[in-house]
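Results of the structural survey
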Amino acid sequence: MRISIILYRIKSWIKHRLTAWNSSGEGIHSPYLFYLVRMLVRDKNSYYCWQDIEHRRECMLRAPKLIHIQDYGSGGISGKKDREQVVSDIAKTSMESAKNAQLFFRIIVFLTNDLGRALQMVELGTNLGITTAYLAAANKQNTITTFEGSHELIEMAKLNWEKLNLSSIHVVEGDIDQTLTKHIKQPIDFAFLDANHTYKATWRYFDYLASLAHSKTIFAVDDIHYSPEMEHVWERIKNDERVTTTMDFYDFGLVFFDTHYIRKHYRLTI
């Protein structure tokens, strides 16, 4: 990784920590959003399935298997698109942290209860399937469609889901630019964007999925401070007329579309 990018991320992290003033929910006007932060983000309770999912994470962190990666995005940490990589190295550098994935799990539980029905969810960037497992395990009646370009990553993810007895996951293989609009046409309740970390691709995915959002839909956009490009697209998302509120947790951002909310953008810490 280039020194300039490392320094950029350090600077952006310090800036975030210094400006994340309402990390316990103070200053959030909507009771709904206040609850999300105060009760879900601050919730320290563990759920029944987390131990099994984290066991699969540990297996991936120790896996010595060498696999071929077909990357349609920015090439990840290495910058290389077609490459051979050890599974344990992928796990160390590319998987969502347990802390973040468990927050998504709690949001899915809350959103399912709030809507009173099974959710339609989308994930862009399956990777090894650990975050997908958290999303699917929150309620096995929900349906999640996850997109991944690398066949061998998909096979590793499927192995993890099989071990976890998760059957509500539909995986779409190939270039997301070619597959997303073909497979997702119905309204969606939750979307996790963690694929091609470039300005153009991230905006393209967001713009399309936002056209399928409703007032209760929540998006999680990963790595919003990964690079200047990602910070710029995050600013565009914040300013989009369909978006009413955002929450910046540094590693990722949450996006809300409910017009009843006061238009405001929060910086938070977990």
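An account of the accompanying structure is given in this report.

Notes on the pairing of strand E7 (residues 218-222)
Counting buried positions over the five residues of E7 gives five, a clear majority of the element. Both faces of E7 are covered, namely the face carrying Ile 218, Ala 220 and Asp 222 and the face carrying Phe 219 and Val 221. Note: strand E6 (residues 190-193) against E7, four bridges, orientation parallel. Residue pairing for E7: Ala 191 is matched across the bridge by Phe 219. Note that the unit made of E6, helix H9 (residues 199-210) and E7 has a crossover that is right-handed. In terms of strand pairing, E7 meets strand E9 (residues 252-256) through five bridges, oriented antiparallel. For Phe 219, the partnering residue across the bridge sits in E9 and is Val 255.

Quick notes on the nonpolar core
Ranked by internal contacts, the top residues of the largest apolar core, which has 59 residues, are Leu 36, Leu 128, Phe 190, Ile 218, Met 247 and Leu 254. In terms of residue count, the dominant contributor to this core is helix H5 (residues 98-115) (eight residues). Each residue touching Phe 190, except ones within four places of it in the same chain, is listed here: Ile 107, Ile 108, Leu 111, Gln 120, Met 121, Val 122, Leu 135, Thr 217, Ile 218 and Ala 220.

Here we look at the sheet that holds strand E10 (residues 264-267)
The strand order across the open sheet built from eight strands is E5-E4-E3-E6-E7-E9-E8-E10, with neighbouring strands paired in mixed fashion. With one partner strand each, in any of the chains shown, strand E5 (169-173) and E10 form the two edges of the open sheet. Each neighbouring strand pair of the sheet contributes to a mean axis angle of 15°, computed without reference to strand direction. Along the sheet, helix H2 (residues 31-41) makes contact with E7, strand E8 (245-248) and E9, crossing E8 at roughly 15°. Relative to the sheet, helix H7 (residues 151-163) contacts strand E4 (143-148) and E5, its axis offset from that of E5 by approximately 170°.

How each quantity is defined
- Residues numbered from 1 in each chain as written.
- Predicted model: local features only at pLDDT ≥ 70, side-chain atom pairs only at ≥ 80, totals over all residues.
- Heavy atoms only, no water.
- Buried < 20%, exposed > 50% of the residue type's maximum accessible area, 1.4 Å probe, protein only.
- Helix = DSSP H or I, 4+ residues; strand = E, 2+ residues; numbered from the N terminus.
- Pairing = 2+ DSSP bridges.
- Right-handed = clockwise from strand over helix to strand, strands pointing away.
- Core = buried A, V, L, I, M, F, W, Y, C linked by side-chain atoms within 4.5 Å.
- Contact = heavy atoms within 4.5 Å.
- Axes fitted to C-alpha atoms, helices over the stretch in contact; angles between N-to-C directions.

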